[in-house]
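In case you want the letters, here they are:
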Amino acid sequence: MNGMTRLCIALLILLSSKQIYGQKAIEIVPFELVKNLIFVDVVVNDTEESLHFMFDTGAGITVIDSRISQKLKLNISDTISIGTAGKTIESELSKQNQIRLGKNLILDSISMAIMDLSHLSKYLKTNVDGIIGNDILQKIVTETNVDTKEILFYSFKDFEYSRSGTVYELIGLESGHLGIPFEIVVKKGADPITMVLKIDTGADNYFTFHNETVTNYNIREILPRLKSKQGFGADPTVSRNLAGKIFTAKCCGKTFKNVPSVFEIDPLNSLSKRLANGLVGQAVLLNFNITYNLNDGVAYFEKRK
């Protein structure tokens, strides 16, 4: 074998390796699932205390529990209005914080809303010290790999996706939220409806359809046998809605059948101005390994093995 042949083979191996494995991650952080929700360990500012944060793309800003904020003596510099599932609330705001994920990934200039999250800790039966919002996705390419139970982080600079996921252009919503289209068939024999659903990794259910969607598509008339359903989000306000099943939902190369769904009817939910028809929660999203590249405005949905 001559030198030129060996060089060509080496180049082919290098190129195929890059195609298969893609860019090396800056950091890989293990996560645990609690009621379908992703939790990671986070270090805030110059402490070494490991905090338990939920990864929530449905939150427009990173949140820290008020008890933890006092303990860390965070600087309160402003207030912020936050739209939750129930209403819009005012929260204290701490700016210019630093969070560390894993051993090496440090993200600077992080603003944190300060809220009492004790009701979430009680509901989930685990400490909820904070919530990583989708503002973090603005800073770095983020992959949630459910097969390995890891979050992988990549640099925007030279990121190149090289696997087999379906690419979707993300639809910008209010408060920095992100949506993708789903084809929904509410009842067998009904016409399919294309709806924009917010990607919400902080919701442990399948689908939630907002008040206006329920009204505009006459869902209560199409699905008359619905049960009452209580719910709450980042704030402790309890909402009372309806629950049932839709016939099919299609997205990302996968069809979901007879899907449990929540249909909002509580007037509290209608107070928040929302651009999407509803949200898609973790019970659906966990079927995919998802890579968010907000620099290009896209996400890749790869069906799990």
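Everything numeric in this text was worked out from a predicted model, so none of it was measured.

Engineer: Before we move on, could you go through the nonpolar core and cite the residues and values that matter?
Structural biologist: One finds V44, L101, F182, F207 and F301 to be the most contacted residues of the largest nonpolar core, which totals 60 residues. The element contributing the most residues to this core is strand β8 (residues 105-115), with five residues. Apart from residues lying up to four places away in sequence, F182 is in contact with I193, T194, M195, L197, F207, A249, K250, C251, V280 and V284. Formed by 16 residues, the second largest nonpolar core is a distinct cluster that contains V34, I61, V63 and L117.

Engineer: Residue-level account of the sheet that holds strand β12 (residues 166-169), with values.
Structural biologist: Here we have six strands laid out as an open sheet, ordered β1-β11-β10-β21-β22-β12, and antiparallel in their pairing. The open sheet is flanked by β1 (27-30) and β12, the only strands paired with a single partner. The average angle at which neighbouring strand axes cross in this sheet is 15°, direction not considered.

Engineer: Describe the side chain of D266, and please don't skip the residues or the numbers.
Structural biologist: Within the secondary structure, D266 is located in the loop between β19 (254-263) and α6 (267-270). Notably, D266 is buried but unbridged: the nearest opposite-charge side chain belongs to R240, and the N-O separation is 5.3 Å. A polar side-chain atom of D266 sits 2.7 Å from the main-chain amide nitrogen of R240.

Engineer: Explain empty space enclosed by the protein to me, and be specific about the residues and the numbers.
Structural biologist: For the structure shown, the criterion picks out two cavities of 30 Å³ or more. Each pocket or cavity is described by its volume, and for the largest cavity that value is around 60 Å³. Lining the largest cavity are V29, V40, F55, L101, I132, I136, T142, I151 and F153. Its volume calculated, the second largest cavity comes out at about 40 Å³. Around the second largest cavity, the lining residues are I38, T144, V146, T201, Q282, L285, L286, F288, I290 and Y292. Mapped onto the lining of the second largest cavity, the elements with two or more residues apiece are α7 (282-285) and β21 (288-293).

Engineer: Explain the environment of S239 to me, using residue names and the numbers behind them.
Structural biologist: If you trace the backbone, S239 turns up in strand β18 (residues 239-251). A sequence separation of 28 residues divides S239 from P267, and the C-alpha atoms of the two residues are 8.6 Å apart.

Engineer: I'd like a rundown of the confidence of the model for the chain, residues and numbers included.
Structural biologist: Fine structural detail should not be taken from predicted coordinates in areas where pLDDT scores are low. Looking at the chain as a whole, its pLDDT mean stands at 88, while 87% of the residues score no less than 70. The low-confidence segment residues 1-21, where pLDDT is below 50, has nine contacts with residues more than four positions distant or belonging to other chains.

Engineer: Kindly report on the packing of aromatic side chains, identifying the contributing residues and their values.
Structural biologist: Taken as a whole and assessed by the stated rule, the structure comprises nine aromatic pairs. Aromatic pair Y161 and Y300: ring centres 3.9 Å apart, planes at 10°, arrangement stacked. With a gap of 139 residues between them, Y161 in the loop between β11 (150-154) and β12 and Y300 in strand β22 (residues 298-303) connect regions that are remote in the sequence. Using a relative accessible area of 17% as the deciding quantity, one classes Y161 as buried. Taking 6.4 Å as the distance between ring centres and 65° as the angle between the ring planes, the aromatic pair formed by F256 and F288 counts as edge-to-face. Taken together, the positions of F256 in strand β19 and F288 in strand β21 put the pair 32 residues apart, joining distant regions of the chain. For F256, a relative accessible area of 8% corresponds to the buried category. Of the aromatic side chains, those joined through ring pairs into one cluster are Y168, F256, F288 and F301. Positioned above the aromatic ring of Y123, the side-chain terminus of K35 is 4.4 Å from the ring centre.

The rules behind each value
- Residues numbered from 1 in each chain as written.
- Predicted model: local features only at pLDDT ≥ 70, side-chain atom pairs only at ≥ 80, totals over all residues.
- Heavy atoms only, no water.
- Core = buried A, V, L, I, M, F, W, Y, C linked by side-chain atoms within 4.5 Å.
- Buried < 20%, exposed > 50% of the residue type's maximum accessible area, 1.4 Å probe, protein only.
- Helix = DSSP H or I, 4+ residues; strand = E, 2+ residues; numbered from the N terminus.
- Contact = heavy atoms within 4.5 Å.
- Pairing = 2+ DSSP bridges.
- Axes fitted to C-alpha atoms, helices over the stretch in contact; angles between N-to-C directions.
- Lys, Arg positive; Asp, Glu negative; His and termini not counted.
- Salt bridge = Lys/Arg side-chain N within 4 Å of Asp/Glu carboxyl O.
- Polar contact = N/O pair within 3.5 Å; in protein donor to acceptor, adjacent residues only side chain to side chain.
- 1 Å grid on protein atoms, 1.4 Å probe; cavity = no way out; pocket = protein on both sides within 12 Å on 5 of 7 lines; lining within 4 Å.
- Points joined across faces, edges and corners; volume = space filled by probe spheres on them.
- pLDDT = per-residue confidence, 0-100.
- Phe/Tyr/Trp six-rings, centres within 6.5 Å; stacked < 30°, edge-to-face > 60°.
- Lys NZ or Arg CZ within 6 Å of the ring centre and 35° of its normal.

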